[in-house]
Amino acid sequence: MTTSTPRMRIIALAALATLATLSALPTLAQDKWPSKPIEIIYPYPPGNDMDVVTRLLAEGMSKRLGVPVQVINKPGGGGVVGFAEMTRAKPDGYTIGTWTPGPGISQIIAGNTPYKMTDYQSVGGMLINDFVLAARGDIPANNLKEFAAWAKKSGKPVVIGSYAPAAVPALIAAKIAKKDGWAYKVVAFPNPSAKELVAGDADVTTAGAEGAMSYAKAGQVKILSAWGPQRNPVFPNAATPAEEGYGDLYTWGGMAAPVGVPKDIINKLSSVMMESLNDKAVQDQFKKVGIPALPMTADQMAKRVVDDTKWISELMAELGFAKK
């Protein structure tokens, strides 16, 4: 039988203490966030206005968090491919994504996604997608009410140019048409703009404000409504849908994360994103392309999603676009 000596007991206790210290190290490392690069999945092709803003925000977030923040483009399926990858990511705060109401709301309602709304959570709001409802220049209307009078008098369905009948900009136009009682049909264009109006391929289009500006100045198109919580600086005389009694209708871009990311990490991501929105480079880009910022906390963005989901789901069900 081996007899334990005081020296042996001291060595054993020291070994146990060392093991306890080593086993605690991974836990301590995990508690420090962030400790490695963060990925922002951008679910659309590179080069558009929202992509540029996302990259500028990533730079600002990187400076504030002290780790690289990289933007990875994963286009496809109207944003669904990249957003699906984001929802499947490990919920540790190292993979987040940008999004719009399409992949986050309407595509889910239509049954076109491998994820559910409960698979993600909001991080915050970034910007307003600066859509306007533009009409052909020869139509005698300068606002939505005047256009409604013309549409009903014309006796034929209004041709709306948009991305697809169930795309959110088309749904906003449909909601306006429904309230005012004029008939319509949606014609899909890859990138709807004022060009379709000039060519006579549509009566109205859901176009980007910046792209429509030169056509509007030339009198080739008329801006009936500019969509946002406030008037668009590119078209300050165009009323918002809310001002004309149609509700708070606009599309936006924000950031989201997989469900399960701890609340303190979500709040930190939201905080540095909103701080970065005030960086000069970001503000200069907003002014350059005429896009309004949308600084929203995670909780504010989550409420916006709830509000938008309500009217979008109701309208899509009525139009037969919702999955049964």
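Residues numbered from 1 in each chain as written. Predicted model: local features only at pLDDT ≥ 70, side-chain atom pairs only at ≥ 80, totals over all residues. Heavy atoms only, no water.

What am I meant to see in the packing of helix α2 (residues 49-65) against helix α10 (residues 280-289) here?
The relative placement of two packed helices is expressed as an angle between their axes plus a distance between the axes. Contact geometry for α2 and α10: axes closest at 9 Å, N-to-C directions at 170°. On the basis of their axis angle, the class for α2 and α10 is roughly antiparallel. Contact residues: Asp49, Val52, Val53, Leu56 and Leu57 in α2; Ala281, Val282, Gln285, Phe286 and Val289 in α10. In terms of residue class, the contact of α2 with α10 is built from eight nonpolar, one polar and one charged. (Axes fitted to C-alpha atoms, helices over the stretch in contact; angles between N-to-C directions. Helix = DSSP H or I, 4+ residues; strand = E, 2+ residues; numbered from the N terminus. Parallel < 35°, antiparallel > 145°, perpendicular 65-115°, else oblique. Contact = heavy atoms within 4.5 Å. Nonpolar A, V, L, I, M, F, W, Y, C, P; charged D, E, K, R; others polar.)

Looking at this model, I keep getting lost on unusual backbone geometry. Mind explaining?
Keep in mind that most residues, glycine aside, have a negative phi and that most peptide bonds are trans. Between Trp33 and Pro34 the backbone carries a cis peptide bond, its omega angle lying at 0°. Structurally, Pro34 can be placed in the loop between α1 (6-31) and β1 (38-42).

Looking at this structure, I do not really get the packing of aromatic side chains. What am I missing?
Evaluation of the coordinates by the stated rule reveals 11 aromatic pairs. Note on Phe83 and Tyr115: the rings are 5.4 Å apart at their centroids and 65° apart in plane angle, and the pair reads as edge-to-face. Taken together, the residues span a long stretch of sequence, with Phe83 in helix α3 (residues 80-88) and Tyr115 in the loop between α4 (101-109) and β4 (120-129) at a distance of 32 residues. According to the relative accessible area criterion, Phe83 is buried, its value standing at 1%. Site record: aromatic cluster; members linked through ring pairs are Phe83, Trp99, Tyr115, Tyr120 and Trp252. Positioned above the aromatic ring of Tyr94 is the side chain of Lys36, whose terminal nitrogen or guanidinium carbon lies 4.7 Å from the ring centre. Over the ring of Tyr250 we find Arg304, and its NZ or CZ is 3.9 Å from the ring centre. (Phe/Tyr/Trp six-rings, centres within 6.5 Å; stacked < 30°, edge-to-face > 60°. Buried < 20%, exposed > 50% of the residue type's maximum accessible area, 1.4 Å probe, protein only. Lys NZ or Arg CZ within 6 Å of the ring centre and 35° of its normal.)

How do you make sense of the environment of Ala151 when you look at a structure like this?
Tracing the chain through its elements places Ala151 in helix α5 (residues 144-154). When its relative accessible area of 5% is taken as the criterion, Ala151 is described as buried. Not counting residues within four places of it along the chain, the set of residues in contact with Ala151 comprises Lys156, Val158 and Trp182.

Would you explain the sheet that holds strand β5 (residues 131-136) in this entry?
Hydrogen bonds between backbone groups are what pair the strands of a sheet, and the pairing can be parallel or antiparallel. If you walk across this open sheet you meet the five strands as β7-β6-β8-β5-β9, and the pairing is mixed. Looking at which strands have only one partner, the edges of the open sheet turn out to be β7 (184-188) and β9 (221-226). Across the sheet, the mean angle from the axis of one strand to that of its neighbour is 30°, orientation sign disregarded. Taken together, the two bridges between strand β6 (residues 158-162) and strand β8 (residues 204-208) define a ladder with parallel strand orientation. Bridging across to β8, Ile160 finds its partner in Val204. (Pairing = 2+ DSSP bridges.)

Looking at this model, I keep getting lost on the side chain of Asp308. Mind explaining?
Within the secondary structure, Asp308 sits in helix α11 (residues 298-319). Looking at Asp308, its side chain comes within polar contact range of the side chain of Trp252, at 2.8 Å. Leave out the neighbours within four places in its chain, and Asp308 touches Ile105, Tyr250 and Trp252. (Polar contact = N/O pair within 3.5 Å; in protein donor to acceptor, adjacent residues only side chain to side chain.)

Would you mind going over the packing of helix α6 (residues 168-180) against α11 with me for this structure?
Relative to each other, α6 and α11 sit at 75°, their axes nearing to 11 Å. With respect to each other, α6 and α11 are oriented roughly perpendicular. Across the interface between the two elements, Val168, Leu171, Ile172, Ala174, Lys175 and Lys178 of α6 pack against Trp311, Ile312, Leu315, Met316, Glu318 and Leu319 of α11. Residues belonging to the contact of α6 with α11 are distributed by class as follows: nine nonpolar, no polar and three charged.

Can you help me understand the nonpolar core in this one?
The nonpolar side chains of soluble globular proteins are, as a tendency, buried together. With 48 residues, the main nonpolar core has Phe147 and Trp182 as its most contacted residues. The element that contributes the greatest number of residues to this core is α6, accounting for seven residues. In this view, Phe147 contacts Ala135, Ile139, Ala141, Val158, Trp182, Val204 and Leu224; residues no more than four positions away in its chain are not counted. (Core = buried A, V, L, I, M, F, W, Y, C linked by side-chain atoms within 4.5 Å.)

Even after reading the chapter, I still don't get the sheet that holds strand β2 (residues 69-73), so can you show me in this structure?
Reading across from one edge, β2-β1-β3-β10-β4-β11 is the order of the six strands in this open sheet, with mixed pairing throughout. The sheet is open, and its two borders are formed by β2 and β11 (293-296), each paired with just one other strand. Along the sheet, successive strands turn relative to each other by an average axial angle of 25°, direction set aside. Of the pairings in the sheet, the one linking β4 to β11 comprises two bridges and is antiparallel in character. Note on β11: the bridge partner recorded for Leu127 is Ala293.

Can you walk me through the pattern of salt bridges in this structure?
Close approach of charged atoms allows side chains with opposite charge to pair. Counted under the stated rule, the structure contains 16 salt bridges. Asp51 is paired through a salt bridge with Arg55; the nearest N and O atoms lie 3.1 Å apart. Note that Asp51 and Arg55 are positioned in helix α2 at a spacing of four residues, about one turn of the helix. Put simply, Lys310 and Glu314 hold a salt bridge, and the shortest N to O gap is 2.9 Å. (Salt bridge = Lys/Arg side-chain N within 4 Å of Asp/Glu carboxyl O.)

On their own, these measurements won't tell you what the molecule is for.
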